[in-house]
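Observations on the model geometry
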Amino acid sequence: MEILQGLLQGFQVAMSPTSLVMCCVGVVLGTIIGVLPGLGPSATIAMLLPLTLKLDPTGGMIMLSGIYYGAKYGGSTTSILLNVPGENSSIVTCIDGYQMARRGRAGAALGMAAIASFIAGTFGVVALMLVAPPLARVSLAFSAPEYFALMVLGLTMVVLLAGESLPKALLAMLGGLWIASIGTDLFTATSRFTFGRVELLGGIDFIIVAIGVFAIGEVLGSMEPAQPAAVLPVPRGLRNLMPTWDDMKRCRFAFANGSVLGFLIGCLPGAGSTIASFMSYGVEKAVSRHPEEFGKGAIEGVAAPEGANNAETGGALVPLLTLGIPSSSTTAILLAALVLWGFKPGPLFIQDQPQLFWGLVASMYIGNVLLLVLNLPMVALFAQLLKLPAYAMFPLILGVSVVGVYSNASSQFDLWLLAAFGLVGYIMRKLEFPTAPLVLGLVLGDQMEKALRQSLMMSQGHLSILFRPIPSVLLVLAALLLMVPLFKRFNALRLRVLDEEA
Amino acid sequence: MPPFARRGDFWSGVALAALGAYVVIQAHGWDYMGEDGPGPGFFPTWYGSAMIALSLWLVASTVMKPGAGGKRVSRGELARALGTWLAFVICIALMPVAGFLVAFALLAWFIVRFMAGKSHRLGFALGIGGSVLFYLVFELALGVGLPHGLFF
């Protein structure tokens, strides 16, 4: 009953003209950036965030979330048509989607991607609506030690899943913690790592780092090839965009698998949609009656990962809104947006901000319908965006980045920091350091230090406070997760020895 | 020069170890534990130490496996990326004098002309067109102030 009342209230908010416009703008922008390889939702949200701060928070959040899940829809387009993933989470879609296109079934693949995204995306929103409020009530039992342990767990999971090298991911995260501690210490008013600069006393704004590392770093990396990026060919003849009834029947399990797995993995801080899509693809192949068709154009190989990466969006909002823990770099930026608006995502968020929470949930229902309407008939049109040459796109991205940072505090110093973090982002890419842990370390670092120091104040410096039941479980989980790569390495070594012996 | 010294992982490990050492040294000058609990030096001491340990691990693993630990860098690619970055830095430096609109137009012209190898005409057209677009969308429509120079 409480949920229905909330949902009704949410639809009242989401159906207001402003919210509808924001939702439309968000999902259209999201779809466009999803189609464009190289420009992800995290960079776009980071760039647009300073501009949305002047808007009503509900409208702003509806728009930013629209970009987030809209990008997941759009990401499949280039994966299927060009074998180029528009988003990281669409990498798996390339495997069978592009093979379908080569066999003349691009329309069916694109249509199936949109339908699977709609079904799983809607499932994700329903699950968010049902799971978030009770989870929030449970998490009311959390105080400083529990939060500290939870943040350690969140960081640990991201570090594990961020890249191939664990030391590099951990170092990136520690770099984020260092940037987070630049500025004035709120407990003692001591200035830390400010290099004598007055501008650094207030710390470094998250936006500057995010735009620098994601957007500028991405542009610099894309400028490397000596040959200017060629105009990408847009395939013609996408007349039949709808999959057949037989295709739909074949994908029944893929819809369910993608929806459930995507949502559950999304709920785990740090897992992310790429893992969700890979896992659902693996499960689909494992249970399929035709596993031999996977990799050669199996339509289930498009439906499962596309469904999973959209259901993950709803799942990712559960820890973000009820615990204040972002599960990916994009949700980290959404968290920053909520904090900048003056909200405190956490156990009391739904209770304190019902209008924002339920408005967001309702807008996601509307957004999913809008995306289906957009994606089915307009796929061919969106594909035309691929014709925008890189030499026109990159200066625009640089310009929007400058405007985004400057509009925040009208500070020239911030622009210098933007250039510096752009270079850091580029160097990290070159050296294969994952950027997500840096951003998450920065977002969570401040809160983590605060929670740790509060915990130790409560216990007068005794670490025993971290061994209460909930923090103990969470810290043990974090330690186990950190050891997963060691187990994997040991197992790989064992298999290699067995192979050699055989 | 030994092979490992040509690897990015080696030098990034050295640089991060130095950063970690700087963090720990700085943190040493602040209270580690006060009467009310941990001081401002507490957290940096721990993550700075972890940074040193992990960086040394990265350096050691690169030295022990010189064949692994990163790809070789193409100087041409590096020059193009750093050239773009330098142009971006000059664009930022120009803003307090020339304003965003002029600085952006010059940056767009540089990228189109020198990075993409297109004509001056196209470069200027995209630069001026882009500046007009930014002015219309941000300054006029959204009311977002662009960086202003002495004249614009």
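A quick note: this is a predicted structure, and the numbers were derived from the prediction, not measured.

1. A look at the overall build of chain A
The secondary structure content of chain A amounts to 20 helices and 2 strands. Every one of the 502 residues in chain A was classed for burial, and the buried ones make up 59%. Looking at chain A alone, contacts between residues at least 24 apart form 81% of all its contacts between residues at least 6 apart.

2. Brief notes about the overall build of chain B
The helix and strand inventory of chain B stands at 4 helices and 2 strands. Along chain B, helices (α) and strands (β) appear in the sequence α-β-β-α-α-α when read from the amino end. Expected size for 152 residues packed as a compact globule is a radius of gyration near 15 Å; at 24 Å, chain B overshoots this value by more than 25%. For chain B, the spread of C-alpha atoms along the principal axes amounts to about 55 × 50 × 25 Å. Taking all 152 residues of chain B together, 38% fall into the buried category. For chain B, the share of sequence-separated contacts (at least 6 apart) that also reach a separation of at least 24 residues comes to 56%.

3. Notes on unusual backbone geometry
Residues and elements named next belong to chain A. Unlike most non-glycine residues, Phe 193 shows phi in positive territory, near 50 degrees. Mapped onto the elements, Phe 193 comes out in the loop between strand S2 (191–192) and helix H9 (206–222). Despite not being glycine, Phe 195 has its phi angle at roughly 55 degrees, a positive value. Within the secondary structure layout, Phe 195 lies in the loop between S2 and H9.

4. Describing helix H18 (residues 412–430) of chain A
Here H18(A) contains 19 residues, and its C-alpha end-to-end distance of 28 Å stays within 8% of the 27 Å for a straight helix at 1.5 Å per residue. Residues of H18(A) that are buried include every one of A:Leu415, A:Leu418, A:Ala419, A:Phe421, A:Gly422, A:Leu423, A:Val424, A:Gly425, A:Tyr426, A:Met428 and A:Lys430, and no others. At its buried positions, H18(A) is contacted by helix H8 (166–180), H9 and helix H17 (390–409) of chain A together with helix H1 (8–28) and helix H3 (75–115) of chain B.

5. Structural notes on the domain arrangement of chain B
According to the domain assignment, chain B contains domain 1 (3–64) and domain 2 (75–142). Just the C-alpha atoms count here: the centres of domain 1 of chain B and domain 2 of chain B sit 38 Å apart.

6. A short note on the nonpolar core
Residues A:Ala46, A:Ala109 and A:Ile211 are the most contacted members of the largest nonpolar core, which totals 198 residues. Take this core: its biggest share by element is 20 residues, from H3(B). Composition of this core by domain shows at least three residues from each of domain 1 (3–64) and domain 2 (75–142) of chain B. Residues contacting A:Ala46, with those up to four places away along its chain left out, are A:Ile207, A:Ala210, A:Ile211, A:Phe214, A:Ala215 and A:Ile333.

7. Overview of the interface of chain B and chain A
In this assembly, 55 residues from chain B lie in contact with 49 residues from chain A. Elements with a contribution of two residues or more to the side of chain B that touches chain A: H1, strand S2 (37–38), helix H2 (42–64), H3 and helix H4 (120–142) of chain B. Partitioned by chemical class, the residues of the side of chain B that touches chain A number 38 nonpolar, 12 polar and 5 charged.

8. Considerations on the environment of B:Leu146
Take B:Leu146: it is sitting in the segment after H4. C-alpha of B:Leu146 to C-alpha of B:Trp57: the two residues are 89 residues apart in sequence and 46 Å apart in space. Contact partners of B:Leu146, with chain neighbours within four places excluded, come to A:Val403, B:Phe100, B:Leu101, B:Phe134, B:Phe138 and B:Glu139.

9. Some words on the packing of helix H3 (residues 41–52) of chain A against H9(A)
Think of two packed helices as two axes; the pair is described by the angle between the axes and how far apart they sit. Residue and element names in this part refer to chain A. Between H3 and H9, whose axes approach to 9 Å, the crossing angle comes to 135 degrees. Taken together, the axes of H3 and H9 are oblique relative to one another. Note that H3 runs across H9; the crossing there is left-handed. For the pair H3 and H9, the contacting residues are Ser 42, Ala 43, Ala 46, Met 47, Leu 49 and Pro 50 in the first and Ile 207, Ala 210, Ile 211, Phe 214, Ala 215 and Glu 218 in the second. Considering only residue class, the contact of H3 with H9 consists of 10 nonpolar, 1 polar and 1 charged.

10. Quick word on the confidence of the model for chain A
Residue-level pLDDT values for chain A average 80, and 84% of them are 70 or greater. Mean pLDDT across the elements of chain A ranges from a minimum in helix H7 (residues 144–162) of chain A, with 73, to a maximum in H18(A), with 94.

11. Focus on the environment of A:Glu432
All names here are of chain A. Among the structural elements, Glu 432 can be located in the loop between H18 and helix H19 (436–458). On the basis of neighbour count, Glu 432 is assigned to the partly exposed category, with 16 C-beta atoms found within 10 Å. Counting along the chain gives 171 residues from Glu 432 to Leu 261, while the straight-line C-alpha distance between them is 29 Å.

12. Observations concerning H19(A)
One turn of an α-helix holds 3.6 residues; hence residues three or four places apart share an orientation. All names here are of chain A. The first and last C-alpha atoms of H19 sit 32 Å apart over 23 residues, in line with the 33 Å expected at 1.5 Å per residue. At Leu 444, H19 shows its largest bend, some 45 degrees. Of all 23 residues that make up H19, 17 are buried, and the element is covered over most of its length. Of the residues trailing H19, Gln 460 is marked for its positive phi of about 55 degrees.

13. Overview of the packing of H3(A) against helix H14 (residues 329–340) of chain A
All names here are of chain A. Running from N to C, H3 and H14 point in directions that differ by 15 degrees, and their axes come no closer than 8 Å. The angle between H3 and H14 falls in the class roughly parallel. Remark: the crossing between H3 and H14 carries left-handed chirality. Along its contact with H3, which presents Pro 41, Ser 42, Ile 45, Ala 46 and Leu 49, the element H14 presents Ser 329, Thr 330, Ile 333, Leu 334 and Ala 337. Class assignment of the residues belonging to the contact of H3 with H14 gives a composition of 7 nonpolar, 3 polar and no charged.

14. A few points about the confidence of the model for chain B
If pLDDT is low for a region, its predicted coordinates should not be looked at in detail. Predicted confidence across chain B gives a mean pLDDT of 88, with 93% of residues reaching 70 or more. Taken together, the chains of this predicted complex give a pTM of 0.72 and an interface ipTM of 0.94.

15. Considerations on the environment of B:Leu82
Of note, B:Leu82 is situated in helix H3. As a C-alpha pair, B:Leu82 and B:Phe42 span 40 residues in sequence and 38 Å in three-dimensional space.

Criteria and cut-off values
Residues numbered from 1 in each chain as written. Chains lettered and ligands numbered in written order. Predicted model: local features only at pLDDT ≥ 70, side-chain atom pairs only at ≥ 80, totals over all residues. Helix = DSSP H or I, 4+ residues; strand = E, 2+ residues; numbered from the N terminus. Buried ≥ 20, exposed ≤ 12 C-beta atoms within 10 Å, placed from the backbone. Contact = placed C-beta atoms within 7 Å. Rg over C-alpha atoms; globule rule 2.2 N^0.38 Å. Expected span 1.5 Å × (residues − 1). Domains from an automatic or database assignment. Core = buried A, V, L, I, M, F, W, Y, C linked by C-beta atoms within 7 Å. Nonpolar A, V, L, I, M, F, W, Y, C, P; charged D, E, K, R; others polar. Axes fitted to C-alpha atoms, helices over the stretch in contact; angles between N-to-C directions. Parallel < 35°, antiparallel > 145°, perpendicular 65-115°, else oblique. Left-handed = near helix turned anticlockwise from the far one by under 90°. pLDDT = per-residue confidence, 0-100. Bend = angle between axes of the 7 residues up to and from the residue.

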